[in-house]
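What the coordinates show
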Amino acid sequence: MKTLVCTTPGQFEYQEGDSPVATKNHSILKIKRIGICGTDLHAFEGTQPFFEYPRILGHELAAEFVEGDNAEGFSKGEAVTFIPYFNCGECIACRSGKENCCTSIKVCGVHVNGGMAEYLSVPSYSLIHGEGLSFDELALVEPLAIGAHGVRRADVKPDEFVLVIGAGPIGLGIMEFARIAGGKVIAMDINDQRLSFCSDKLGVAHTINAMNDDVIERLKEITGGDFPTVVIDATGSLRAINNGFQYMAHGARYVLVGLQKGELNFSHPEFHKREGTLMSSRNATRADFEHVIASMKKGMVNPATYITHRVTFEQVKDDFKGWLDPANGVIKAMVELND
Ligand SMILES: NC(=O)c1ccc[n+]([C@@H]2O[C@H](COP(=O)([O-])OP(=O)(O)OC[C@H]3O[C@@H](n4cnc5c(N)ncnc54)[C@H](O)[C@@H]3O)[C@@H](O)[C@H]2O)c1
Ligand SMILES: [Zn+2]
Ligand SMILES: [Zn+2]
């Protein structure tokens, strides 16, 4: 079968290899869609810490189930997706139902080879039924589940103001599920094109440009002086995360979905006087995947609008570099594999 291997930063190579065979507790998937995410772009650029090369990237997958061991209920040819975070099942996190932050987690396409291939073997426990969704939709379940998880961590209640900082694919998912939870979403970014996408495509009523607007004044105005009771970061920018503390209402929760390498720096008296709650949000659980699928089936999220670029598997090598440039307006690039 054909695979696309990231041999070293900046370098892709198509290689021919043996197709995987079903082993104990594993299933074989025939890949149909690969969504491209920031993680893949950073791995290609060489800015993903602790990343080892060569590596086959790709973890946002839609596929056909071929065969498997311990995969009762899945039938040949069925459209599926999967949870790409493989866990040990034994550590403290796994024992407490938090496999999403397993102490020895292996993320498919990051720590082990992923889905830029015609076929992939995955643990059968990771499979998710497609429930009649299209391959495009199924490939978008994982990035949306990241957002759904962040919103669940924040425990968003109806009519709360939820400030989402960062309107990339992850932030957009957070906005969708905050709205579904009944929250009143405020979108903040420094990119007007992305803010317009939030108001035009997602129906977000309030947008703030962190670079050009007086953020504190705008938040006061929108929330009637209260400030948002939920703030969620999806920028991964250290400056944005540190600034986020001052946007919290008294009693607010602050959830960090975005990831950055440095150390946080914030005023303890300011945080203390608010009795703030700070949380991180890592990956997503099966419950989040199911929530995303149920919401898609009800038409509450229409992720097709996120797909700005579409290529065949053969085109990935040539087109991938272009997706690194924000000027190309990429939200989600989707790779399509045909028979
Ligand atoms: N929690 C998880 O498990 C998980 C999973 C996937 C991705 N992530 C992280 O989520 C973050 C977002 O991912 P993405 O793919 O949407 O990234 P992205 O780069 O496409 O989006 C980030 C957005 O933040 C905006 N931004 C940057 N600095 C800003 C600032 N100072 N103020 C306001 N907006 C600012 C950018 O303009 C951009 O639109 C990344 O840090 C990524 O590593 C976390
Ligand atoms: Zn991803
Ligand atoms: Zn574990």
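Residues numbered from 1 in each chain as written. Chains lettered and ligands numbered in written order. Predicted model: local features only at pLDDT ≥ 70, side-chain atom pairs only at ≥ 80, totals over all residues. Heavy atoms only, no water.

**Some thoughts on helix α5 (residues 169-180)**
- Taking 1.5 Å per residue as the helical rise, α5 with its 12 residues ought to reach 16 Å, and the 17 Å between its terminal C-alpha atoms agrees with that figure.
- Listed as buried for α5 are G171, L172, G173, I174, M175, E176, F177 and A178.
- Buried-residue contacts for α5 involve α4 (141-154), β10 (161-165), β11 (184-189), α6 (192-201), β13 (230-233) and α10 (286-297). (Helix = DSSP H or I, 4+ residues; strand = E, 2+ residues; numbered from the N terminus. Expected span 1.5 Å × (residues − 1). Buried < 20%, exposed > 50% of the residue type's maximum accessible area, 1.4 Å probe, protein only. Contact = heavy atoms within 4.5 Å.)

**What about the coordination of the zinc ion (ligand 3)?**
- Distances from the zinc ion (ligand 3) to its protein donors, C88 (SG), C91 (SG), C94 (SG) and C102 (SG), fall within 2.3 to 2.4 Å.
- We note that the donor set of the zinc ion (ligand 3) lies within a single chain, spaced as C-x2-C-x2-C-x7-C. Here the residue C91 occupies a position in the loop between β6 (85-86) and α2 (92-95), and C102 occupies one in the loop between α2 and β7 (106-107), the gap between them amounting to 11 residues. (Donors = N, O, S within 2.8 Å, 3.2 Å for Na, K, Ca; no water.)

**So, the domain arrangement of the chain**
- We note that the domain assignment places domain 1 (2-139 + 302-336) and domain 2 (147-280) within the chain.
- Placing the centre of domain 1 and that of domain 2 at their C-alpha centroids yields a distance of 28 Å.
- Between domain 1 and domain 2, the residue contacts involve 11 residues of the former and 12 residues of the latter.
- Of the roughly 850 Å² buried between domain 1 and domain 2, counting both surfaces, carbon and sulfur atoms make up 57%.
- When the area that domain 1 buries against domain 2 is broken down by residue, the three leading residues are T305, Y306 and I331, summing to 56%.
- Along the contact surface separating domain 1 from domain 2 lie 0 salt bridges.
- Our count for the contact surface shared by domain 1 and domain 2 stands at 3 residue pairs in polar contact (both at pLDDT 80 or more).
- Of the residues belonging to the side of domain 1 that touches domain 2, the class tally is 4 nonpolar, 5 polar and 2 charged. (Domains from an automatic or database assignment. Buried area = accessible area lost by both parts, 1.4 Å probe. Salt bridge = Lys/Arg side-chain N within 4 Å of Asp/Glu carboxyl O. Polar contact = N/O pair within 3.5 Å; in protein donor to acceptor, adjacent residues only side chain to side chain. Nonpolar A, V, L, I, M, F, W, Y, C, P; charged D, E, K, R; others polar.)

**Focus: the environment of I180**
- Secondary-structure assignment places I180 in helix α5.
- Not counting chain neighbours up to four residues away, the residues in contact with I180 comprise H291, S295, M300 and V301.

**What about the pattern of salt bridges?**
- Applying the stated criterion across every chain yields a total of 14 salt bridges.
- Of the charged contacts in the structure, one is a salt bridge between R152 and D288, with a shortest N-O distance of 2.8 Å. A residue pair is termed long-range when its members are at least 10 positions apart, and R152 in helix α4 and D288 in helix α10 qualify at 136 residues.
- Residue classification places D288 among the buried positions, given a relative accessible area of 1%.
- Through salt bridges that share partners, R33, D136, R310 and E336 make up one connected network.

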